[in-house]
Amino acid sequence: LFHTDEDCDKVVGEDIISYDKIMLEGGSAFGTGDHPTAKLCGEWLLDVCSSKGRALAEGEVLNVMDYGAGSGILALIALLAAKRVDKLTQVKVEGVEVDPVAIEAARRNCAMNGYNVPDKVEFYAPMVG
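From a predicted model like this one, the values you see are computed outputs, not experimental measurements.

Novice: How should the overall build of the chain be read in this particular structure?
Specialist: Along the chain, the regular secondary structure elements total four helices and three strands. A total of 129 residues make up the chain; the buried ones form 36% of that total. Of all intrachain contacts in the chain linking residues separated by at least 6 positions in sequence, the fraction that spans at least 24 positions is 76%. Accessible area of the chain: about 8,100 Å², with a carbon and sulfur share of 57%.

Here is the structure:
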């Protein structure tokens, strides 16, 4: 995880020709993927959503719930993983968050990363009941 292109270039250098970038806006929404639990969840999502964990049948949709979505980092990882293997049409992500500011930040983060697709990703507050 790198916070700037410069940080990435210092570590990666020319050893890796290409890598995937997820951009997150700074602000009050929690979650950059730094926390150990977020890293573990991210690794699992990369495996499952890229079909390495199991193959998706034609027309099958993998539903992902990012509960306590914050910045939307885990939703973004799921979408990125599906995009890597051309399975974006087979993944739907829902993010639930109690903070309305974070919901808007997660939506902006998805849009900033090219995932502004209402039928593929949605962030909302939990139902009160």
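Novice: I'm lost on the nonpolar core in this one. Help?
Specialist: In globular proteins that are soluble, nonpolar side chains generally tend to be buried together. Among the nonpolar cores identified, the biggest contains 25 residues, and Leu45, Cys49, Leu62, Val64, Val93 and Phe123 are the most heavily contacted of them. Those elements giving two or more residues to this core turn out to be α2 (36-49), β1 (62-67), α3 (73-84), β2 (91-96), α4 (100-112) and β3 (121-124). Looking at this core element by element, the count peaks at 10 residues for α3. Dropping the residues within four chain positions of it, Val93 is found in contact with Val64, Ala75, Ala78, Leu79, Lys120, Val121 and Glu122.

Novice: Looking at this model, I keep getting lost on α4. Mind explaining?
Specialist: Since one α-helical turn is 3.6 residues long, residues separated by three or four positions face the same way. Compared with the 18 Å implied by 1.5 Å per residue over 13 residues, the 18 Å span of α4 between its first and last C-alpha is a close match. Of all the positions in α4, only Ala102, Ile103, Ala105, Ala106, Asn109 and Cys110 are classed as buried. Buried residues in α4, looked at end-on, bunch into an arc of 165°, giving them a common side. Looking at the buried side of α4, the elements it contacts are α3 and β3. Between a side-chain oxygen at the N-terminus of α4 and the backbone nitrogen of Val101 the separation is 2.9 Å; the capping residue is Asp99. Looking at the residues trailing α4, positive phi occurs at Gly114, about 85°.

Novice: I tried to follow the sheet that holds β1 on my own but got confused; where do I start?
Specialist: Hydrogen bonds between backbone atoms are what pair the strands of a sheet, whose relative direction is either parallel or antiparallel. If you walk across this open sheet you meet the three strands as β1-β2-β3, and the pairing is parallel. In this open sheet, the two edge strands, each paired with only one partner strand, are β1 and β3. With direction set aside, neighbouring strand axes in the sheet form an average angle of 15°. Bridge count for β2 against β3 is four bridges, and the pairing is parallel. In the strand pairing of β3, Gly95 is matched with Phe123.

Novice: Quick question: what am I supposed to make of the pairing of β2 here?
Specialist: On any regular strand, side chains alternate: one points to one face of the sheet, the next to the other face. Pairing analysis gives six bridges linking β1 to β2, with the strands arranged parallel. Paired with Leu62 across the bridge in β2 is Val91. The parallel pair β1 and β2 is bridged by α3, and the resulting crossover is right-handed. In the classification by handedness, the crossover that spans β2, the intervening α4 and the parallel β3 is right-handed.

Novice: Mind showing me how you'd approach the side chain of Glu97 here?
Specialist: For Glu97, the position within the fold is in the loop between β2 and α4. Among buried charged residues, Glu97 stands out as having no salt bridge; its nearest opposite-charge side chain is Arg107, 12 Å away. Engagement of the side chain of Glu97 in a polar contact is seen with the backbone nitrogen of Gly70, the distance being 2.7 Å. Among residues more than four places away in sequence, those in contact with Glu97 are Gly68, Ala69, Gly70, Ala102, Ile103, Tyr124, Ala125 and Pro126.

Criteria and cut-off values
Residues numbered from 1 in each chain as written. Predicted model: local features only at pLDDT ≥ 70, side-chain atom pairs only at ≥ 80, totals over all residues. Heavy atoms only, no water. Helix = DSSP H or I, 4+ residues; strand = E, 2+ residues; numbered from the N terminus. Buried < 20%, exposed > 50% of the residue type's maximum accessible area, 1.4 Å probe, protein only. Contact = heavy atoms within 4.5 Å. Areas by Shrake-Rupley, 256 points an atom, 1.4 Å probe, with all protein chains shown as cover. Core = buried A, V, L, I, M, F, W, Y, C linked by side-chain atoms within 4.5 Å. Expected span 1.5 Å × (residues − 1). Arc of directions from axis to C-beta. Polar contact = N/O pair within 3.5 Å; in protein donor to acceptor, adjacent residues only side chain to side chain. Pairing = 2+ DSSP bridges. Axes fitted to C-alpha atoms, helices over the stretch in contact; angles between N-to-C directions. Right-handed = clockwise from strand over helix to strand, strands pointing away. Lys, Arg positive; Asp, Glu negative; His and termini not counted. Salt bridge = Lys/Arg side-chain N within 4 Å of Asp/Glu carboxyl O.

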